[in-house]
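An overview of the molecular structure
One-letter residues, chain by chain:
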Amino acid sequence: MLYLKTDEEVGLLRESNMLVSRTLAEIASFIKPGITTLYLDNLAEKYIRDHGGVPAFKGYGGFPKTLCTSVNDEVVHGIPSDYVLKEGDIISIDCGVILNGWYGDSAYTFAVGEIDGNVKRLLEYTKVSLEDGVREAVAGNRIGDISYAVQARAESGGYSVVRELVGHGIGKRLHEPPEVPNYGRRGTGSKMEKGMVICIEPMINLGKKETVQMKDGWTIKTADGKPSAHFEYAVAIDKGEAKVLTTFKFIEEVINKM
Ligand code: MG
Ligand code: MG
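First things first, this report covers the structure right here in the doc. Note that this is a predicted model, so its numbers are computed, not measured.

Things to note about the pairing of strand E2 (residues 67-71)
Most of E2 sits out of view: five of its five residues are buried. Burial along E2 is two-sided: the residues Leu67, Thr69 and Val71 and Cys68 and Ser70 are all buried. In terms of strand pairing, E2 meets strand E4 (residues 90-99) through five bridges, oriented antiparallel. Within the sheet, the bridge partner assigned to leucine 67 lies in E4 and is cysteine 95.

Structure, rendered in structure tokens:
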């Protein structure tokens, strides 16, 4: 069952997703060596609640925190803790909110201080693979067109695409149909129509694609221990061009001043 949104509902989803974008920008300036991931989590929760939202991940399936903080070889679903960030780490921060009953969900992978050039290139490719996917997210295309575009870009850089976790529809629920894999073939999957709202979220590994789940029941890591990057946008399908409901602009304004 696909839930098509009216223009008004897409507007509400934009507000929810903009709150996520602003939350990630709020914590961006604190992402430095010496800060714990739990500190970032507390900042995010306060910012979301101060702006009328509710953290969407906290309690979702039993997840204990506001953010997913996944460092280095952690792919996604890392739990904020007393881990202290150090120079050269990367950290994927995934954040979800509920605002006026509608969900927002976005992720960005940050560099902690100066990072290795090979890892920087992984981050760039992952972000560009997301943008390539967005370009295919138009009415009349199929989900597989997005999947193919993401995979083609990631693999052209020599990277691999995580298979076990995928993007998703979003609306009054955090995860709605359809699934949006980051690998696949053109012309396959559901046909997109105006009013669909989906999260595209490539998870791209520097090494091999295989992942393992940690004993905490949440954290997913790369099997080979090499770094992984993750960027996520919510986009509303429309004719001609997708409406991106998320922005990295606020985050990057902060980063560029650091
Ligand atoms: Mg997310
Ligand atoms: Mg998501």
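Moving on from the coordinates now.
Let's talk about the packing of aromatic side chains
Counted under the stated rule, the structure contains eight aromatic pairs. Here the aromatic rings of tyrosine 108 and phenylalanine 248 are separated by 5.0 Å at their centres, their planes lie at 80°, and the arrangement is edge-to-face. Remark: phenylalanine 248 occurs in the loop between strand E15 (243-244) and helix H5 (249-257) and tyrosine 108 occurs in strand E5 (residues 102-111); sequence separation between them is 140 residues. Accessibility classification places tyrosine 108 together with phenylalanine 248 in one group, the buried group. In this structure an aromatic cluster arises from ring pairing among Tyr108, Phe110, Phe231, Tyr233 and Phe248. The side chain of arginine 22 reaches across the aromatic face of phenylalanine 250, ending 3.9 Å from its centre. Seen from the ring of tyrosine 183, arginine 163 lies directly overhead, with NZ or CZ sitting 4.6 Å from the centre.

A word on the pattern of salt bridges
For the structure shown, the criterion picks out 13 salt bridges. Where glutamate 45 meets lysine 58, a salt bridge forms, and the shortest distance between an N and an O atom there is 2.7 Å. Of the two residues, glutamate 45 sits in helix H2 (residues 37-50) while lysine 58 sits in the loop between strand E1 (54-55) and E2, which places them 13 residues apart along the sequence. A residue is classified by how much of its surface remains accessible, and glutamate 45, at 14% relative accessible area, is buried. Aspartate 238 is paired through a salt bridge with lysine 243; the nearest N and O atoms lie 2.8 Å apart. Judged by relative accessible area, which is 13%, aspartate 238 ranks as buried. Overall, the relative accessible area of 32% leaves lysine 243 in the partly exposed class. Taken together, the shared-partner salt bridges in this structure form one network comprising Asp7, Lys194, Asp238 and Lys243.

Points about the pairing of strand E8 (residues 176-180)
Sheet topology note: the strand E7 (residues 167-169)/E8 ladder contains three bridges and is antiparallel. Bridging from a neighbouring strand, glycine 169 pairs with glutamate 176 of E8. Connecting the antiparallel pair E7 and E8 is a turn made up of six residues.

Digging into the sheet that holds E7
The five strands are arranged E8-E7-E9-E14-E15 in an open sheet whose pairing can be described as antiparallel. Among the strands making up the open sheet, the edge pair consists of E8 and E15. Note: strand E9 (residues 197-200) against strand E14 (residues 233-236), four bridges, orientation antiparallel. Bridge pairing in E14 places valine 197 opposite alanine 236.

As for the coordination of the magnesium ion (ligand 1)
Donor atoms from the polypeptide that bind the magnesium ion (ligand 1) are Asp94 (OD), Asp94 (OD), Asp105 (OD) and Glu232 (OE), placed at 2.0 to 2.5 Å. Spacing between the donor residues of the magnesium ion (ligand 1) along their common chain follows D-x10-D-x126-E. The metal-metal distance between the magnesium ion (ligand 1) and the magnesium ion (ligand 2) is 3.1 Å, with aspartate 105 serving as a donor to both. Note that aspartate 105 is positioned in strand E5 and glutamate 232 in the loop between strand E13 (228-230) and E14, a separation of 127 residues in sequence. You can call aspartate 105 buried: its relative accessible area is 3%.

Details of the coordination of the magnesium ion (ligand 2)
Distances from the magnesium ion (ligand 2) to its protein donors, namely Asp105 (OD), His168 (NE2), Glu201 (OE) and Glu232 (OE), fall within the range 2.1 to 2.3 Å. Sequence spacing of the donors to the magnesium ion (ligand 2): D-x62-H-x32-E-x30-E. Among the residues examined, histidine 168 registers a relative accessible area of 4% and is labelled buried.

What counts, and at which threshold
Residues numbered from 1 in each chain as written. Chains lettered and ligands numbered in written order. Predicted model: local features only at pLDDT ≥ 70, side-chain atom pairs only at ≥ 80, totals over all residues. Heavy atoms only, no water. Buried < 20%, exposed > 50% of the residue type's maximum accessible area, 1.4 Å probe, protein only. Helix = DSSP H or I, 4+ residues; strand = E, 2+ residues; numbered from the N terminus. Pairing = 2+ DSSP bridges. Phe/Tyr/Trp six-rings, centres within 6.5 Å; stacked < 30°, edge-to-face > 60°. Lys NZ or Arg CZ within 6 Å of the ring centre and 35° of its normal. Salt bridge = Lys/Arg side-chain N within 4 Å of Asp/Glu carboxyl O. Donors = N, O, S within 2.8 Å, 3.2 Å for Na, K, Ca; no water.

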